[in-house]
Amino acid sequence: MSFKSINNILEGIKQSAPWQKQLFPQLLNYWVEIVGAGVAVQTRPLLIQRDVLWVATSSAAWAQNLTFERKTILMKLNHKLSTSLVDIRFSTAGWKGLPTTETQITVSASEHPSYVADDLVPQKLVKPSLDNAVGTFENWARIMQERSHYLPLCPQCQSPTPPGELKRWNICSLCYSKLLR
């Protein structure tokens, strides 16, 4: 077993510090693109330590869900970055002390893959609000049914699918969730 001298260890630390400083801003530039705006609002990368990215999350539920997705996120990050990370750790630790104003991201409903624009509904179907709940529900159900006629079909199950889902997964969200099981 060989031991490294203190000088060799210090030299290694000196060389890794500038690398870490250059890598982290690069990672921050790609973070929203890789995880999406909705997830980026709930997470903040904190630091890279020994090729492991530490990310603060707004809640334990976010930390747990993202832990299940960490391999996918890691693969996307390593594809974008000049070097490869070995793992990602998600935790609520460090979330409270972080400033929120400088990294605030606004997410609109239209950015969600399952969003369907209202302009797909012909104007003749939209009626003024009705007086009772049953009539209002029937009007809404008719609009949803007509709107689905204008949506593209999922290549796997042939059901009407929002275009954002097809763009993101090439299939509908239900078929994609079956693939993840």
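Residues numbered from 1 in each chain as written. Predicted model: local features only at pLDDT ≥ 70, side-chain atom pairs only at ≥ 80, totals over all residues. Heavy atoms only, no water.

(A) A look at the pattern of salt bridges. Applying the stated criterion across every chain yields a total of three salt bridges. Here Asp87 and Arg89 are joined by a salt bridge, their closest N and O atoms 3.1 Å apart. You can call Arg89 partly exposed: its relative accessible area is 39%. In the salt-bridge network here, residues are joined through shared partners; they are Arg70, Asp87 and Arg89. (Salt bridge = Lys/Arg side-chain N within 4 Å of Asp/Glu carboxyl O. Buried < 20%, exposed > 50% of the residue type's maximum accessible area, 1.4 Å probe, protein only.)

(B) Structural view of the packing of aromatic side chains. Under the counting rule described, the total for this entry stands at one aromatic pair. An angle of 15° between the planes, with centres 4.9 Å apart, marks the rings of Trp169 and Tyr176 as stacked. On the accessibility criterion, Tyr176 (28% relative accessible area) is partly exposed. Here the basic side chain of Arg44 rests over the ring of Trp95, its NZ or CZ set 3.9 Å away from the ring centre. (Phe/Tyr/Trp six-rings, centres within 6.5 Å; stacked < 30°, edge-to-face > 60°. Lys NZ or Arg CZ within 6 Å of the ring centre and 35° of its normal.)

(C) Quick look at the sheet that holds strand S3 (residues 87–91). The mixed open sheet is built from three strands, whose spatial order is S1-S2-S3. The open sheet terminates on both sides in strands that have one partner only, identified here as strand S1 (43–49) and S3. Looking at each pair of strands side by side, their axes are set apart by 25° on average, direction ignored. Note that S1 and strand S2 (residues 52–57) share six bridges and pair antiparallel. Bridge pairing links Arg44 to Ala56 in S2. (Pairing = 2+ DSSP bridges. Helix = DSSP H or I, 4+ residues; strand = E, 2+ residues; numbered from the N terminus. Axes fitted to C-alpha atoms, helices over the stretch in contact; angles between N-to-C directions.)

(D) Spatial organisation of the nonpolar core. Counting 20 residues, the largest nonpolar core has Leu27, Trp31, Leu53, Ile73, Leu77 and Leu85 as its most contacted members. Counting residues per element, the ones that place at least two in this core are helix H1 (6–35), helix H2 (37–42), S2, helix H3 (60–68), helix H4 (70–80) and S3. Examining the composition of this core, we find that six residues originate from one element, H1, more than from any other. (Core = buried A, V, L, I, M, F, W, Y, C linked by side-chain atoms within 4.5 Å.)

(E) Structural detail: unusual backbone geometry. One non-glycine residue with positive phi stands out, namely Asp51, at about 65°. Tracing the backbone through its elements, the reader meets Asp51 in the loop between S1 and S2. Residue classification places Asp51 among the partly exposed residues on the basis of a relative accessible area of 28%.

(F) Highlighting the environment of Pro45. Mapped onto the secondary structure, Pro45 falls in strand S1. Once the C-alpha coordinates of Pro45 and Leu27 are considered, the two residues, 18 residues apart in sequence, prove to be 8.5 Å apart. Apart from residues lying up to four places away in sequence, Pro45 is in contact with Phe24, Leu27, Leu28, Trp31, Leu53, Trp54 and Val55. (Contact = heavy atoms within 4.5 Å.)

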